Amino acid sequence: MANSTERVASTPRIVAFVAASIAIVVGGCSDGPVTAPSRSAPASTTHATLGEPVELVTGLAAPWGLTFLPDGSALVSERVSGEILRIPPEGGDPRTVGVVPDVHVSSEGGLLGIVASPQFATDRTVFASVSGQDRNRVVALTIADDYGSLTLDRVLLDGIRTADRHHGGRIA
């Protein structure tokens, strides 16, 4: 767990990362003008216009994974706390969904990547990469209908060798 000094010290970088990530995703989905390339125009003259970054959430401690849900909200994994947080579609205060069990925090380990099932609306499943003491694993979690809790449903892959650093853990 990070102490409050570590949490505050890392907040500007975290906010910038989350804001940039969301701006890229949201900007790419905007219905603003985008000039389509013509067959005769060189690629260098075609530019997409992104909106200004918008801060949607603050106060996260080591956010690592990010996945969007069908309702437009986002789930964020916090590497050092092992928590999965839900961010409302319009932004605002994050709400804790739950703590993933048996997360071992090390230099670069903890609760890492998360991704929602393509059928999340019906199966409520989120997949997560979790660091253990000696081995990492990928698990399936079930999120409650009210987003107030999570349950470890099953271990999908276990025994992924690890060290203190370079856990990887992104899930696409």
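Residues numbered from 1 in each chain as written. Predicted model: local features only at pLDDT ≥ 70, side-chain atom pairs only at ≥ 80, totals over all residues. Heavy atoms only, no water.

Trainee: Explain the sheet that holds strand β6 (residues 125-130) here, please?
Mentor: Each strand in a sheet pairs with another by means of backbone hydrogen bonds, the pair being arranged parallel or else antiparallel. What the four strands build is an open sheet, ordered β5-β6-β7-β8; its pairing is antiparallel. Edge strands, defined here as strands with exactly one partner in the open sheet, are β5 (111-116) and β8 (150-161). Neighbour-to-neighbour, the strand axes of the sheet open up by a mean angle of 20°, direction not taken into account. (Pairing = 2+ DSSP bridges. Helix = DSSP H or I, 4+ residues; strand = E, 2+ residues; numbered from the N terminus. Axes fitted to C-alpha atoms, helices over the stretch in contact; angles between N-to-C directions.)

Trainee: What is the right way to read the sheet that holds strand β2 (residues 74-78) from this model?
Mentor: Pairing within the open sheet is antiparallel, and its four strands lie in the order β1-β2-β3-β4. Bordering the open sheet on either side are β1 (63-68) and β4 (95-99), each of which pairs with just one other strand. For this sheet the average axis-to-axis angle between neighbouring strands, irrespective of direction, equals 25°. Where β2 lies against strand β3 (residues 83-87), four bridges are found, and the strand directions are antiparallel. Residue pairing for β3: Val76 is matched across the bridge by Leu85.

Trainee: How do you make sense of the environment of Phe120 when you look at a structure like this?
Mentor: As for its placement among the helices and strands, Phe120 is situated in helix α2 (residues 120-123). Look at Phe120 and you get buried, because its relative accessible area is 2%. Aside from chain neighbours lying at most four places away, what touches Phe120 is Leu69, Pro70, Thr125, Val126, Ile143 and Tyr147. (Buried < 20%, exposed > 50% of the residue type's maximum accessible area, 1.4 Å probe, protein only. Contact = heavy atoms within 4.5 Å.)

Trainee: Would you explain the pattern of salt bridges in this entry?
Mentor: In a structure, side chains of opposite charge can pair up when their charged atoms sit close to one another. Tallying each qualifying case throughout the model produces three salt bridges. The partner of Asp145 in a salt bridge is Arg124, and the shortest N-O contact between them spans 3.5 Å. You can see Asp145 sitting in the loop between β7 (135-143) and β8 and its partner Arg124 sitting in the loop between α2 and β6, a full 21 residues away along the chain. Relative accessible area serves as the criterion here: at 65%, Asp145 is assigned to the exposed category. (Salt bridge = Lys/Arg side-chain N within 4 Å of Asp/Glu carboxyl O.)

Trainee: What exactly am I supposed to notice about the side chain of Arg79 here?
Mentor: Mapped onto the secondary structure, Arg79 falls in the loop between β2 and β3. Of the side chains with opposite charge, Glu108 comes closest to the buried, unpaired Arg79, at an N-O distance of 8.0 Å. Here Ser106 takes part through its backbone oxygen, which lies 3.2 Å from a polar atom of the side chain of Arg79. There is a polar contact of 2.9 Å between the side chain of Arg79 and the backbone oxygen of Gly109. (Lys, Arg positive; Asp, Glu negative; His and termini not counted. Polar contact = N/O pair within 3.5 Å; in protein donor to acceptor, adjacent residues only side chain to side chain.)

Worth remembering: the numbers are spatial, not functional.
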